[in-house]
There are 2 protein chains.
Amino acid sequence: MFKVNENYLKLQGSYLFSNVGKKVHTYQAENPDKKVISLGIGDVTQPLVPSVIEAIHKATEEMAVKETFHGYSPDLGYEFLRSAIAKHDYGKRGVEIALDEIFISDGAKSDSGNIGEIFSVDNKIAVCDPVYPVYVDSNIMAGRTGEYDALTGKWSNVIYMPCTKENDFAPQLPKETPDIIYLCFPNNPTGSAVTRDELQKWVDYANQVKAVIIYDAAYEAYISQQECPHTIYECEGAKTCAIELRSFSKKAGFTGTRLGFTVIPKELVSDGVMLNQLWARRHGTKYNGAPYIIQRAGEAVYSEAGQKETKAQIAYYMNNARVIREGLKSYGYSVSGGVNAPYIWLATPNGMKSWDFFDELLTKANVVGTPGSGFGPSGEGYMRLTAFGTYENTVEALERIKNL
Amino acid sequence: MFKVNENYLKLQGSYLFSNVGKKVHTYQAENPDKKVISLGIGDVTQPLVPSVIEAIHKATEEMAVKETFHGYSPDLGYEFLRSAIAKHDYGKRGVEIALDEIFISDGAKSDSGNIGEIFSVDNKIAVCDPVYPVYVDSNIMAGRTGEYDALTGKWSNVIYMPCTKENDFAPQLPKETPDIIYLCFPNNPTGSAVTRDELQKWVDYANQVKAVIIYDAAYEAYISQQECPHTIYECEGAKTCAIELRSFSKKAGFTGTRLGFTVIPKELVSDGVMLNQLWARRHGTKYNGAPYIIQRAGEAVYSEAGQKETKAQIAYYMNNARVIREGLKSYGYSVSGGVNAPYIWLATPNGMKSWDFFDELLTKANVVGTPGSGFGPSGEGYMRLTAFGTYENTVEALERIKNL
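Since the structure is predicted, the reported quantities are computational estimates derived from the model, not experimental observations.

**A closer look at the relation of the copies chain B and chain A**
Okay, so step 1: For the pair chain B and chain A, the relating rotation is 180 degrees, the translation along its axis is 0.0 Å, and the fit reaches an RMSD of 0.0 Å. Expressed as an axis order, the relation between the two copies is that of a two-fold axis. The position closest to the rotation axis in chain B is occupied by the C-alpha of histidine 57 of chain B, lying 3.1 Å away.
Okay, so step 2: The fraction of interface residues of chain B whose copies in chain A are also interface residues reaches 100%, indicating that both copies meet through the same surface.

**Quick look at the sheet that holds strand E14 (residues 343-347) of chain B**
All names here are of chain B.
Okay, so step 1: Sheet architecture is open: four strands sit in the order E13-E14-E17-E16, paired in antiparallel fashion. Each edge of the open sheet carries a strand with a single partner, namely strand E13 (335-337) and strand E16 (370-371).
Okay, so step 2: By the bridge criterion, five bridges tie E14 to strand E17 (residues 382-386) in an arrangement that is antiparallel. Bridging from a neighbouring strand, tryptophan 345 pairs with arginine 384 of E17.
Okay, so step 3: Across the sheet, helix H9 (residues 304-330) lies against E13, E14 and E17, angled at about 15 degrees from E14, the strand it touches most.
Okay, so step 4: Contacts from helix H10 (residues 354-365) reach E14, E16 and E17 within the one sheet, and its direction differs from that of E17 by about 45 degrees.

**Topic: the interface of chain B and chain A**
Okay, so step 1: Taken residue by residue, the interface counts 82 residues in chain B and 82 residues in chain A.
Okay, so step 2: Surface buried jointly by chain B and chain A totals about 7,000 Å² across both partners, of which 59% is contributed by carbon and sulfur atoms.
Okay, so step 3: In terms of surface lost to chain A, no three residues of chain B exceed Phe2, Tyr72 and Arg281 of chain B, which account for 12% of the buried area on that side.
Okay, so step 4: Where chain B touches chain A, the interface holds four salt bridges.
Okay, so step 5: The salt bridge involving lysine 3 of chain A is made with aspartate 179 of chain B; its shortest N-O contact spans 4.0 Å.
Okay, so step 6: Across the contact surface, chain B and chain A share 39 residue pairs in polar contact (both at pLDDT 80 or more).
Okay, so step 7: Going through the elements one at a time, helix H2 (50-63), helix H4 (108-114), helix H5 (133-142), strand E11 (269-270), helix H7 (275-286) and helix H8 (292-301) of chain B are the ones with two or more residues in the side of chain B that touches chain A.

**A word on the environment of glutamate 396 of chain A**
Residue and element names in this part refer to chain A.
Okay, so step 1: Inspection of the secondary structure puts glutamate 396 in helix H11 (residues 391-402).
Okay, so step 2: According to the relative accessible area criterion, glutamate 396 is partly exposed, its value standing at 31%.
Okay, so step 3: The sequence separation of glutamate 396 and tyrosine 148 amounts to 248 residues, and the corresponding C-alpha distance is 40 Å.
Okay, so step 4: Excluding residues that lie within four positions of it along the chain, glutamate 396 makes contacts with Lys35 and Ile37.
Okay, so step 5: There is a polar contact of 2.7 Å between the side chain of glutamate 396 and the side chain of arginine 400.

**Considering the sheet that holds strand E7 (residues 180-184) of chain A**
By way of backbone hydrogen bonds, the strands of a sheet pair with one another, either parallel or antiparallel.
All names here are of chain A.
Okay, so step 1: Strand order across the open sheet formed by seven strands is E2-E10-E9-E8-E7-E3-E6, with mixed pairing between neighbours. Of all the strands in the sheet, the pair left with one neighbour each is strand E2 (102-105) and strand E6 (158-162). The mean angle between the axes of side-by-side strands here comes to 20 degrees, regardless of whether they run parallel or antiparallel.
Okay, so step 2: Judged from the five bridges that link them, strand E3 (residues 125-129) and E6 form a sheet pairing that is parallel. Each bridged residue has a counterpart across the sheet, and for valine 127 the counterpart in E6 is tyrosine 160.
Okay, so step 3: Strands E2, strand E9 (242-247) and strand E10 (260-263) of the sheet are contacted by helix H3 (residues 79-90), whose axis makes an angle of about 115 degrees with E2.

**Thoughts on the environment of threonine 240 of chain A**
All names here are of chain A.
Okay, so step 1: You can see threonine 240 is positioned in the loop between strand E8 (212-216) and E9.
Okay, so step 2: It is 9.0 Å that separates the C-alpha atoms of threonine 240 and lysine 210, two residues lying 30 residues apart in sequence.
Okay, so step 3: Among all residues touching threonine 240, those that are not within four sequence positions of it are Asn207, Glu267 and Leu268.

**Considering the nonpolar core**
Okay, so step 1: Among the nonpolar cores identified, the biggest contains 206 residues, and Leu183, Ile213 and Leu328 of chain A together with Leu183, Ile213 and Leu328 of chain B are the most heavily contacted of them.
Okay, so step 2: If you look at the next biggest cluster of nonpolar residues, it comprises 69 residues, including Leu76 of chain A together with Tyr132, Val136 and Leu268 of chain B.

**Let's talk about the pattern of salt bridges**
Okay, so step 1: By the definition in use, this model includes 40 salt bridges over all chains.
Okay, so step 2: Across the pair lysine 23 of chain A and aspartate 359 of chain A runs a salt bridge, and its minimum N-O distance is 3.2 Å. Of this pair, lysine 23 of chain A sits in helix H1 (residues 16-30) while aspartate 359 of chain A sits in helix H10 (residues 354-365); the two residues are 336 residues apart in sequence, bridging distant segments of the chain.
Okay, so step 3: Under the relative-accessibility criterion, lysine 23 of chain A is labelled partly exposed at 35%.
Okay, so step 4: For aspartate 359 of chain A, a relative accessible area of 28% corresponds to the partly exposed category.
Okay, so step 5: Across the pair lysine 251 of chain B and aspartate 89 of chain B runs a salt bridge whose closest N-O atoms are separated by 3.3 Å. Linking lysine 251 of chain B in the loop between strand E9 (242-247) and strand E10 (260-263) with aspartate 89 of chain B in helix H3 (residues 79-90), this pair joins segments that are 162 residues apart in sequence. Each member of the pair, lysine 251 of chain B as well as aspartate 89 of chain B, carries the same accessibility label: buried.
Okay, so step 6: The network of salt bridges with shared partners includes Asp89, Glu220, Glu244, Arg246 and Lys251 of chain A.

Cut-offs used in this document
- Residues numbered from 1 in each chain as written.
- Chains lettered and ligands numbered in written order.
- Predicted model: local features only at pLDDT ≥ 70, side-chain atom pairs only at ≥ 80, totals over all residues.
- Heavy atoms only, no water.
- Least-squares fit on C-alpha atoms with pLDDT ≥ 70 in both.
- Contact = heavy atoms within 4.5 Å.
- Pairing = 2+ DSSP bridges.
- Helix = DSSP H or I, 4+ residues; strand = E, 2+ residues; numbered from the N terminus.
- Axes fitted to C-alpha atoms, helices over the stretch in contact; angles between N-to-C directions.
- Buried area = accessible area lost by both parts, 1.4 Å probe.
- Salt bridge = Lys/Arg side-chain N within 4 Å of Asp/Glu carboxyl O.
- Polar contact = N/O pair within 3.5 Å; in protein donor to acceptor, adjacent residues only side chain to side chain.
- Buried < 20%, exposed > 50% of the residue type's maximum accessible area, 1.4 Å probe, protein only.
- Core = buried A, V, L, I, M, F, W, Y, C linked by side-chain atoms within 4.5 Å.

Any functional reading would require information that these geometric values do not contain.
What follows is the structure, given as structure tokens:
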């Protein structure tokens, strides 16, 4: 008789963004005349840039002709894309990453969910609180988190690193020693960033206690301040302790186009076993690569025109971030983030619960945010707003919030 | 101190097709003047059909304009694609599959590798021998297979169902009761098919012992004989015991375009838990959908023109299969498959080992096959040849084999 993975049964409710989506869907169905503006899920709204569109058309034409048709992709992804990544994302920042340390994938969500698979179940994870739900949920599914305490909203075998107003939303080195540390900078959901010096402390710590850092840099393209590193490998010693996850979703508007990559340096070794080799084996066995035409689309992001166009798009979103941040501040709200990240972290007024404020925003202002409590217990009393709307919608949403 | 997943260290050598690729690469590098013809890895060679190309161009133009841009896909995939699947792959065969029983993915390799995750580690799997390596390898990674015996080439906790000349390459119901049964029809690698009556026996058996069947129907589009079912749900009772995996790779030449889907009926329940819900949760948490433009490409496969064009492509490959099968037979080889599948299963001459015959074919005929032993112990002494080459190459390869 077959038995299911009982760890799945421990999952609390359904995935945060699905819940938000359902609530919005229900409200909209009951109020078809209302124009709901979403500053909720981190989905982009601007179209793919011209260089990317051109590259997709060109690659599609290749797929239409026998002589230039492409079947299965190489296990790690096409060299043309890995070369562009190595050069632009790393080489230009003085970081040397070999082509076989880069694994092309369909996105950072898949990679951050799947990466745990190359680690023993007997590792203790540390996560920021609040945190992107996938890190914790994928570890619940793997059976690494222990039992859930409904009272505290915490898992018995997870080390939480609170990011609160008190510590300026920056995680502190944990008291208990973890085996795997999830870090995300610029941060989702708080929008906070890390300086090179602060991140160096994490790298030194991980090397000292022989922990591995899973570094989610999905939002690095939004960094505006010089002192914030774009990759963890700007820190000395990071290659012996850190895996880096990257995404084209926010860098180039690929949320519906699906492309990302993971870097695992060959120096990252445990008992003589290279994590790079384990991940290569997973890629070879359980994945068949991103589509050829999408990999060509990714390459186009690094062309001269592609860089210029995607930078303009990011500037557009970061202008929205400024509108939200400054608007909310001027209405008396307490906000952070939005400087090196497309996320604004908003303290709810009068200590309201996150979901209550979500309901108020939805029903009274027809604006969708993401409840901070969905990201972890320390997110209670906060709301995440994103800068990914259109400028016009963002301005209108702020006007509505002003009149709340 | 972090610890790796030690199950990964049990994996034998690297992935079969990577090994074949490396051998061919080395030979070609040393013999740049030789024209090597691959009848090895099951990769298609014909370009995407016009309807699909047109759909990709059109969807790409949508992605270029704000008003028609698509961000994140719905968790299960776009309804337009799931509707087309429900109608054409199931409804037309008298099988009713609901839209929320269909999960769009990037391909059957990912799904067959990941599906094990929703099951307890404490399930015993049964596989055909020989078998597509992903089924066993992904279970090794999960810790379900026990220990490897180098002498027999078998895992201690796996039930093997030999498919040999003696049983006409058809697996028999196992003596020991399994929890999870992997079946693939039309079969990779032997090219054998199953009749509706034979498959019904498996469905009845699974329901009786409460096992789940993971039914890989990636090659269903190649079925030519009326008595062979295109989906396991043509069998009575299959909805309470079977998960079906499907792929566009061979149906429409999508090996480099990446699209597939998995069907999990809501009737498939264990102790009140719907497998459908577990897989939905995995999709929501660890995956972000296939690209919009690729889902539109998949939809185009079901258009009137798309069906006509892809059927012509399959006929082209099946003509190659006929050339290989009849050619080899006329040279005195013992062959099977190639009637309902693009694979021909060839007994090596004079009881040669599979890899020895691989080397002989490569170096003397410059033809690449896939060693049968790579698919399991009962594959020793066989070679898999595929019909996915061009007609000209297939004819030339056969001519060379004739002169061996």
